[in-house]
Amino acid sequence: MTDVIEAEGLRRTYRGGFEAVRGISFSVAPGELFALLGTNGAGKTSTVELLEGLAPPGGGAVRVLGHDPYRERAAVRPRIGVMLQEGGFPSDLTVTETVRMWAGCTSGARPVGEALELVGLTGRAGTRVKLLSGGEKRRLDLALALLGRPEVLFLDEPTTGLDAEGRRETWKLVRELRDSGTTVLLTTHYLEEAEQLADRLAILHQGRIAAEGRVADVVAGRPARISFDLPDGYHLGDLPPLGQLGVTDHESVGRTVRLRTNALQESATGLLLWAQRAGVELRGLDVRSASLEEAFLEIAKEEKEQTA
Ligand SMILES: Nc1ncnc2c1ncn2[C@@H]1O[C@H](COP(=O)(O)OP(=O)(O)OP(=O)(O)O)[C@@H](O)[C@H]1O
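Residues numbered from 1 in each chain as written. Predicted model: local features only at pLDDT ≥ 70, side-chain atom pairs only at ≥ 80, totals over all residues. Heavy atoms only, no water.

## Details of the packing of aromatic side chains
The description of an aromatic ring pair rests on the distance of the ring centres and on the angle between the ring planes.
And then number 1: Counted by the stated rule, this structure contains 2 aromatic pairs.
And then number 2: Plain terms: the ring middles of phenylalanine 26 and phenylalanine 34 are 4.9 Å apart, the flat faces sit at 5 degrees to each other, and that makes the pair stacked. Phenylalanine 34 shares its class with phenylalanine 26; the two are buried.
And then number 3: Between the aromatic rings of tyrosine 234 and tryptophan 274, the centroid separation amounts to 5.7 Å while the plane-to-plane angle is 85 degrees, which identifies the pairing as edge-to-face. In this pair, tyrosine 234 is assigned in the loop between β10 (224-229) and β11 (247-253) and tryptophan 274 in helix α9 (residues 264-278), connecting sequence segments 40 residues apart.
And then number 4: The residue whose ring lies beneath arginine 167 is tyrosine 190, and the NZ or CZ to ring-centre distance is 3.8 Å. (Phe/Tyr/Trp six-rings, centres within 6.5 Å; stacked < 30°, edge-to-face > 60°. Buried < 20%, exposed > 50% of the residue type's maximum accessible area, 1.4 Å probe, protein only. Helix = DSSP H or I, 4+ residues; strand = E, 2+ residues; numbered from the N terminus. Lys NZ or Arg CZ within 6 Å of the ring centre and 35° of its normal.)

## Focus: the sheet that holds strand β6 (residues 152-156)
And then number 1: Strand order in the open sheet formed by 6 strands is β5-β6-β7-β3-β8-β9, with mixed pairing between adjacent strands. Lying at the two open borders of the sheet, with one neighbouring strand each, are β5 (80-83) and β9 (208-213). Shown here is a sheet whose adjacent strand axes are inclined to one another by a mean of 15 degrees, direction ignored.
And then number 2: Strand direction decides the pairing type here: strand β3 (residues 33-38) and strand β8 (residues 200-205), joined by 5 bridges, are parallel. (Pairing = 2+ DSSP bridges. Axes fitted to C-alpha atoms, helices over the stretch in contact; angles between N-to-C directions.)

## Quick notes on the side chain of threonine 183
And then number 1: Here threonine 183 is to be found in strand β7 (residues 183-188).
And then number 2: Its relative accessible area of 2% is what places threonine 183 among the buried residues.

## Looking at the site of the ligand
And then number 1: Around the ligand, the surrounding shell holds 14 residues, and the nearest of these are Gly41, Lys44, Thr45, Ser46 and His189.
And then number 2: A distance of 3.4 Å is found between a nitrogen atom of the ligand and a side-chain nitrogen or oxygen belonging to tyrosine 14.
And then number 3: The side chain of threonine 45 places a nitrogen or oxygen atom 2.8 Å from an oxygen atom of the ligand.
And then number 4: Protein contact buries 62% of the 630 Å² of open area that the ligand shows by itself.
And then number 5: For the shell around the ligand, the leading source of residues is helix α1 (residues 44-51), giving 3 residues.
And then number 6: Here the residues of the shell around the ligand are counted per class, giving 4 nonpolar, 8 polar and 2 charged. (Near = heavy atom within 4 Å. Polar contact = N/O pair within 3.5 Å; in protein donor to acceptor, adjacent residues only side chain to side chain. Areas by Shrake-Rupley, 256 points an atom, 1.4 Å probe, with all protein chains shown as cover. Nonpolar A, V, L, I, M, F, W, Y, C, P; charged D, E, K, R; others polar.)

## Looking at the packing of helix α5 (residues 134-146) against helix α6 (residues 164-179)
For any two helices packed against each other, one specifies the inter-axial angle together with the distance between the axes.
And then number 1: Across the interface, α5 lies against α6 with an axial gap of 12 Å and an inter-helix angle of 10 degrees. Considered as vectors, α5 and α6 are oriented roughly parallel to each other. For the pair α5 and α6, contact is made by Arg139, Leu142 and Leu146 and by Glu169, Thr170, Leu173 and Leu177, respectively. (Parallel < 35°, antiparallel > 145°, perpendicular 65-115°, else oblique. Contact = heavy atoms within 4.5 Å.)

## Topic: the environment of aspartate 249
And then number 1: If you trace the backbone, aspartate 249 turns up in strand β11.
And then number 2: Remark: the alpha-carbon pair of aspartate 249 and proline 57, spanning 192 residues in sequence, is separated by 42 Å.
And then number 3: In this structure aspartate 249 touches Arg258, Leu259 and Arg260, once residues within four positions along its chain are discounted.

## Section: α1
And then number 1: Counting buried positions along α1 yields 6 of 8 residues, so the element is predominantly enclosed.
And then number 2: Along α1, the residues that are buried comprise Lys44, Ser46, Thr47, Val48, Leu50 and Leu51.
And then number 3: One or two residues past the end of α1 sits glycine 53, with phi positive at roughly 80 degrees.

Listed below in structure tokens is the structure:
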């Protein structure tokens, strides 16, 4: 089966000449959940808007469900669900009235009660939108995106403003939708969200894709981290030669030492053996494998250095 979303060399330039999207290519298979990550201003929303058909690309091509989402909007729009970053509903309507109004413009809409139940807003059905909390408004946005039982769901930072429980509930719902065959494109600032949900992801930086693949692919080859406080009376030079422990990089801030290593077991063992022999305690010892967060920060740093 062909891919549901295909982006090829996409570009977007705003009035004034700023190029926010600089030739990016990726594809999303049916039923796959693809996450776009990136620092503020990396170009996530600018890209997603092209996929949603809200603007034409300045270069390259995009196809959603086999159509050009901008030129063939009428064919694509009924089959996609869009949760924008800023919903912007009339604030004097109640939750039910808002969903009902939206349902009136949606073919094959779910019943209002079902949509509210899906996102856990049943108890707020009669509440005016202006009285909802930020997290509840995000959930209303999601209910509206789900109204038409979309084949493709675009979620632009869906859990911003949600508390930890609300975030986990939304993750569960998004997983269920994906498991029932919905293709999902998600943008997020939360790396844990991408780790939890994404089948594949791309990290955008300054309008380009800096890394792409499964979480394990993106994390592979990134260094692990060890940090600890130097024992009183000891200096960095008192540690065993760090290079021989497989440490690739180190820094110290005050008494805290941070090491990076591609040989975590070897480095940690060497350090602990040294501490045992010296009879000292390594307070604040923290040993962690490479994570998406580490990969993300490294990529952002590398790219910044390259463009400096
Ligand atoms: N209408 C516009 N006119 C000019 N520049 C814009 C416009 N919209 C966005 N930009 C710029 O394009 C760049 C990418 O913005 P975009 O909103 O796509 O980033 P993002 O990755 O979604 O960021 P965030 O995580 O902060 O939402 C930013 O530098 C932004 O200032």
